[in-house]
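Analysis of the macromolecular model
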Amino acid sequence: MKILFLNGPNLNLLGTREPEVYGRTTLKDIEAKVRERATKFGVEIDFRQSNLEGELVAWIQQSKGNCNVIVLNAAAYTHTSIALRDAISAVGVPTIEIHLSNVHAREEFRHKSLIAPVCRGQISGFGADSYILAVEASVNVNLNSK
Ligand code: DQA
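Quick caveat: nothing in here was measured; it's all calculated off a predicted structure. (Residues numbered from 1 in each chain as written. Predicted model: local features only at pLDDT ≥ 70, side-chain atom pairs only at ≥ 80, totals over all residues. Heavy atoms only, no water.)

1. Things to note about the nonpolar core
Buried together is how nonpolar side chains tend to be arranged in soluble globular proteins. The condition is simple: Only buried residues count toward a nonpolar core. Its members are Ala, Val, Leu, Ile, Met, Phe, Trp, Tyr and Cys residues joined through side-chain atoms within 4.5 Å. The classification of residues rests on relative accessible area computed with a 1.4 Å probe and restricted to protein chains. Under 20% of the type maximum is buried, over 50% is exposed, and intermediate values are partly exposed. Each helix is a run of H or I in the DSSP string that is no shorter than four residues. Each strand is a run of E no shorter than two, and both are numbered from the N terminus. Note on contacts: a residue pair qualifies if any of its non-hydrogen atoms lie within 4.5 Å across the two residues.
Core analysis: the biggest nonpolar cluster contains 26 residues, and Phe5, Ile30, Val34, Ile45, Phe47 and Tyr131 have the highest contact counts within it. Of all the secondary structure elements, the ones that give two or more residues to this core are strand S1 (2-7), helix H2 (27-41), strand S2 (44-49), strand S3 (69-73), strand S4 (95-99) and helix H5 (129-144). Non-local contacts of Ile45, meaning those with residues more than four positions away in its chain, are made with Ile3, Phe5, Val34, Arg35 and Ala38. Listed in part, the 18 residues of the second largest apolar core include Leu6, Ile70, Ala74 and Tyr77.

2. Re the pattern of salt bridges
Counted only if it meets this: Salt bridges are counted wherever a side-chain nitrogen of Lys or Arg sits within 4 Å of a carboxyl oxygen of Asp or Glu.
Under the definition given, this model contains 6 salt bridges. Note that Glu107 and Arg106 form a salt bridge whose closest N and O atoms lie 3.8 Å from each other. We classify Glu107 as partly exposed; its relative accessible area is 35%. Between Glu107 and Arg110 there is a salt bridge, with the nearest N and O atoms lying 2.7 Å from each other. Sharing partners across several salt bridges, the network here consists of Lys28, Glu31 and Arg35.

3. Digging into the side chain of Glu97
The test is simple: Identification of polar contacts relies on pairs of N or O atoms within 3.5 Å, with a donor-acceptor requirement for protein atoms, meaning one able to donate a hydrogen and the other able to accept it, and with residues adjacent in sequence counted only if both atoms are side-chain atoms.
Within the fold, Glu97 resides in strand S4. A polar contact of 3.1 Å, which involves the side chain of Glu97, links it to the side chain of Ser113. If sequence neighbours within four positions are ignored, Glu97 has contacts with Leu72, Thr78, Ser113, Ile115, Ala116, Cys119, Gly121, Gln122 and Ile123.

Structure (structure tokens):
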């Protein structure tokens, strides 16, 4: 089994970006934790970040036949991107939406996710642990879709 982790804009700045909201863990540290957890499940990980909407769309398109589950922290594009939503619908690869912060406890514009209706579920508010929980959720989603 292979899980594709996709990270959207500004997540490359984790560690120094608004640490009171996102914590001090860097994306590299999160990736290392994800890989460690995935090893326990015998799962392969592809872990990427882009600040470009089109690049994220391209990666979602290429995921068909290459991975079993997508874990997507679309960052600000969560709240704006019909293109990401359409890509998820188009490829049909089961996708899990994740966020470090609890988007529902923040500004109103973060309460609306354009991708949520085409995702299997949402994990939000557990900091770096949202990523670890997503590994477990992905394994379950993959088992249930067989
Ligand atoms: C985020 C939440 C988004 O609202 C925000 O734009 C981000 C990060 C999170 O992980 O908490 O960039 O996706």
